[in-house]
Amino acid sequence: MRNNSIFIAVLFSCLSWAQDSLSDDKVNINFSGYIDGYYAYDFRNSKQLTKQSFFYNHNRHNEFNINLALVSAFVSYQNIYAKLSFHGGTYVDDNYINENTKNINEAYLGIYLDSAKKSNIEFGIFSSYIGFESAITGTNLTLTRSILAENSPYFMTGVKYNYKPSNKWMFSGMLSNGWQRISKQDKRIAPAIGTQLIYKPLDNSTFNWSTFFGKEYYGTHLGMRYFSNLYWDKSWNSKWRTILGYDFGIQETNSKNNKFYHWMSPVLIAQYTINDKWQSAVRFEYYQDKENIIITTSSPFDTKGYSLNFDYNINSKAKFRIEGRYLDSKEAIFYNNKCNNFSLTSSLSYEFN
């Protein structure tokens, strides 16, 4: 930890020096940050530290804690740019448990390939191109993330090409180290392929299709994984916004007989803006993973979820949120051998830039 602190201090000293010495060349440096403190209570949990094993955000039970503390620096000069972000919190502890590099949120270098900045290449560690819910949960419609978002990649490592021919269309292609992986660790894992297609027919409507193709483990077998995420984000007017999403994945379980299992999850979120200060959102979701490909529980995972949250916008940067979430499973997968679960989560977040 001491080495990380020294590195961060040296980094920001260098960035400050670069800004002062190269100001005539129009080097732009922007700093931003985010912090999210929370308290959560799982009404089925009497002994465990965490709410559920398949959640990675706001997952401490009956405890005040920091979900995510994040600081970022974005540097650009002519057609080259870079971003470096450091983070900490219980989200990091839970979601980066298999990584040696835990404190880096993003670290990438990019270059525009044309003067109109329609195409660019980026290399490094990125936030995932999959899904509609960020790890910076203050920007999401609901306080907690959907089950499908919690169990698809938060981050990817590799090289990415982006092409934006117009304001309506954007395409990205990526070679990565695999499904939410910074370092491969297993040399038998070949680079994975990912794509993203975004279509914005109107300013208030976005269609997104993201894919992943690569070899991943199911138990001890290394087999192909094919995954697709679709969503439609629509603001209907000044009051209503909805997101309709769907995940579908296929995992090869035995290369000798071409046996495949699948998982899938639809979700619908609707947000209503009450006034300048208050917002509310409801979520309906279903996640089916009967062979425990992605979510490992004591029995097949077949769960419906419902949530309701209320948000109070303290100002343009700070937000207080509270959410009730009910999960209903076909199997007794929750604490105390129960088929259902109810939890309350509250959060106070602040973002600066």
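Overview of the structure. Just so we're clear, the structure is a prediction, and the values are computed from it rather than from any experiment.

Overview of the side chain of S76
Thought 1: Looking at the element boundaries, S76 is found in strand β2 (residues 63-77).
Thought 2: Judged by its relative accessible area of 19%, S76 falls in the buried class.
Thought 3: Beyond its immediate sequence surroundings of up to four residues, S76 is in contact with K26, V27, N28 and Y81.

Observations concerning the environment of F213
Thought 1: With respect to the helices and strands, the residue F213 is situated in strand β9 (residues 205-218).
Thought 2: You can call F213 partly exposed: its relative accessible area is 33%.
Thought 3: For F213 and I250, which are 37 residues apart along the polypeptide, the C-alpha to C-alpha distance reads 9.8 Å.
Thought 4: Excluding residues within four positions of it along the chain, F213 makes contact with A192, I193, M224, R225 and Y226.

Side note on the nonpolar core
A general tendency of soluble globular proteins is for nonpolar side chains to be buried together.
Thought 1: Core analysis: the biggest nonpolar cluster contains 31 residues, and F212 and Y287 have the highest contact counts within it.
Thought 2: When residues of this core are traced back to their parent elements, those giving at least two are α3 (147-150), β10 (221-235) and β12 (259-273).
Thought 3: Sequence-distant contacts of Y287, that is, excluding residues within four places in its chain, are made with I147, L148, N151, W263, M264, S265, I294, I295, F301, D302 and T303.

Regarding the pattern of salt bridges
Thought 1: Inspection of the entire model under this criterion finds 12 salt bridges.
Thought 2: For the salt bridge of R188 with D186, the shortest nitrogen-to-oxygen distance reads 3.2 Å.
Thought 3: Judged by its relative accessible area of 17%, D186 falls in the buried class.
Thought 4: For the salt bridge of R325 with E285, the shortest nitrogen-to-oxygen distance reads 2.8 Å.

The rules behind each value
- Residues numbered from 1 in each chain as written.
- Predicted model: local features only at pLDDT ≥ 70, side-chain atom pairs only at ≥ 80, totals over all residues.
- Heavy atoms only, no water.
- Helix = DSSP H or I, 4+ residues; strand = E, 2+ residues; numbered from the N terminus.
- Buried < 20%, exposed > 50% of the residue type's maximum accessible area, 1.4 Å probe, protein only.
- Contact = heavy atoms within 4.5 Å.
- Core = buried A, V, L, I, M, F, W, Y, C linked by side-chain atoms within 4.5 Å.
- Salt bridge = Lys/Arg side-chain N within 4 Å of Asp/Glu carboxyl O.

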